[in-house]
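# Breakdown of the fold
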Amino acid sequence: MSSPTSARPSPGSADPGDGGPPRRRLPRPERRSRGDLVAIAMLAVAAVVGTLLVLASGDAQDTELQSDGPPLQPGPDGPVPTALTEAWRAESPSTPAPLAVGPAVVTAGPDGVVGHDPVTGREAWRYARPEAPCTVGTGFGDVLAVYRTQGPLGTWCSDVAALEPDTGARGPSRNADLREGTRLLADRDHVTGTGADHVETWRSDLVLTTEVGRVPTPVQPPDAQPRAECTNGSIAVGGGTIGMIQRCPGDDSDRLTVLDADPQSSEKPEERSSTLLGVRGARLVALTDQRAAWAAPDGTLHVVGTSADAETLVPETVFPLGPAAGPTTDPPDLAATVRPVGPVLLWWTGTATVGLDAGDLRPRWTLPGTLGAGAAWPGSAPAAVALVPVPDGLAVLDAATGTPRGPTVPVRRDLAPGSPVAVAATGTTLVELRGATVVALRPPG
């Protein structure tokens, strides 16, 4: 970055302190005529009218934020519950996971994105547009809503808005190139939108840091996207990296590609590694800054290194999963999701919950017959407790070892056997996503 410089004297002038001739007097500025002033006024009016027309033809005209009462405040944590009762419920077809963001439980659908008081379900704020969002997720402590847009090439999920969880106030926004079926995956410093042929990542101000795949921009640097013809399977984020299982023309097996989430240029992805796996039907499970875990169709979990010298630093390790192994078909929305709870990452295989070591990704424990990954109970730190959904309620486990920390908390769900249940928690409210319905559970009394 160039440093600021002081103004230089014009030719023929001299600084009075340098002993030279006196500075020449500059000519008087031209006098403005009445016509000049009228023209300036007309230009100002035209600028204001143009701005109003742009706002009226864009999203601002049809966007409505309703706020009821003061901003939501974080609730206190409490002891691990021994009983839970339903406090309230709401439909939420646009959230692929339960959203407990800061002091709010967030639901979303055709009627808008809504921030609820976790205790009562009271609607504290609503951000509404004429259309339902493609998806709603979270990142950087904000609620992130992705809306559909129509263009010459069809329907996109392009309009991204960040909303503050306590008030619904709108923060940064961006125009993305995401497609229908996208889901947002949050790492500490980045959020990534998934897609079969296009993936993009943003930093906290929603500025693009990298995009991978088929980019609709007419002009791109040569060889900017070396695998633009590949199709993505499962996609994961972690440790400042983005990983994806890719199926590419000419490859005889699936490929694991890992990229930097924040390369030097957003127009050219930077690969850390890209390796053929020797099998088809692989499913990415979890990712750190040095390792990736992926499941093979034969029921094994493979932990591999992802840096350039991975073979010497992290030799491949294979763990048989046995009856806990689930399907290795691509996950919904292509999103490989794990839930961090203390020293482990909770992974739901589709039939069991596995606690993966958060550092080296080896399986520490397995609980068969679960309905979802589970979540941490907020008041259990530092000895992290995981509440894992099982058919008759919520299993209470020591996150580090998987051993029970108490009896199963009974919960009646009235769901078809085996229906998945996703879980989140805030304060003393536990939230379950059952299909398209959010159900808030609280200790009685």
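Residues numbered from 1 in each chain as written. Predicted model: local features only at pLDDT ≥ 70, side-chain atom pairs only at ≥ 80, totals over all residues. Heavy atoms only, no water.

Naming follows an unreviewed UniProt entry, where the protein chain appears as Pyrroloquinoline-quinone binding quinoprotein of Actinomycetospora rhizophila.

## A closer look at the state of the cysteines
Going by this rule: When two cysteine sulfur atoms lie within 2.5 Å, the pair is treated as a disulfide. Helix numbers and strand numbers start at the N terminus; a helix is a DSSP run of H or I with at least 4 residues, a strand a run of E with at least 2. Remark: exposure states derive from per-residue accessible area (1.4 Å probe, protein chains only) relative to the maximum for the residue type, with buried under 20%, exposed over 50%, and partly exposed in between.
Inspection of the entire model under this criterion finds 2 disulfides. Residue pairing for Cys 134: its cysteine sulfur links by disulfide to Cys 157, the two sulfurs lying 2.2 Å apart. One disulfide, between Cys 134 and Cys 157, carries an S-S torsion of -90 degrees and so falls in the left-handed class. On the criterion of sequence distance, the pair formed by Cys 134 in strand S7 (residues 133-139) and Cys 157 in strand S9 (residues 154-163) is long-range, its members being 23 residues apart. Neither residue differs from the other here; Cys 134 and Cys 157 are each classed as buried. For Cys 230, the disulfide goes to Cys 248, at an S-S distance of 2.0 Å.

## Remarks on the nonpolar core
As a reminder, the rule being used: For the purposes of this section, nonpolar cores are sets of buried Ala, Val, Leu, Ile, Met, Phe, Trp, Tyr and Cys residues that join through side-chain atoms within 4.5 Å. Note on contacts: a residue pair is in contact if any heavy atoms of the two residues lie within 4.5 Å.
Judged by nonpolar contacts, the single largest core of 16 residues is most densely connected at Val 106, Val 113, Trp 125, Tyr 127, Val 136, Val 143 and Leu 163. Those elements giving two or more residues to this core turn out to be strand S3 (99-101), strand S4 (104-109), strand S6 (123-128), strand S8 (142-151) and S9. Once residues within four sequence positions are removed from consideration, Val 143 is found in contact with Val 101, Val 106, Val 113, Val 136, Gly 137, Ala 161, Ala 162, Leu 163 and Pro 165. The next biggest cluster of nonpolar side chains, apart from the first, holds 15 residues, and it includes Leu 371, Ala 375, Val 409 and Leu 430.

## What to know about the pattern of salt bridges
Note the cut-off: Throughout this description, the term salt bridge denotes a Lys or Arg side-chain nitrogen within 4 Å of a carboxyl oxygen of Asp or Glu.
Inspection of the entire model under this criterion finds 21 salt bridges. Among the salt bridges present, the one from Arg 247 reaches Asp 254, with a minimum N-O distance of 3.3 Å. Arg 247 gets classed as partly exposed once you look at its relative accessible area, which sits at 24%. Beyond isolated ion pairs, a larger network of salt bridges with shared partners links Asp 357, Asp 360, Arg 362 and Arg 364.

## Here's the deal with the pairing of S4
Put simply, the rule reads: Only strands joined by at least two bridges in the DSSP assignment are considered to pair.
Where burial is concerned, most of S4 is hidden: 6 out of the 6 residues are buried. In S4, alternate side chains face the same way, and those of Ala 104, Val 106 and Ala 108 on one face and Val 105, Thr 107 and Gly 109 on the other are all buried. For S3 and S4, the ladder comprises 3 bridges, and the chain directions are antiparallel. Residue pairing across strands places Val 101 opposite Ala 104, the latter belonging to S4.

## Observations regarding the environment of Gly 427
Within the fold, Gly 427 resides in the loop between strand S31 (421-426) and strand S32 (429-434). Since its relative accessible area comes to 9%, Gly 427 is described here as buried. Ignoring any residue separated from it by four or fewer positions in sequence, one finds Gly 427 in contact with Gly 75, Pro 76, Asp 77, Trp 377 and Pro 378.

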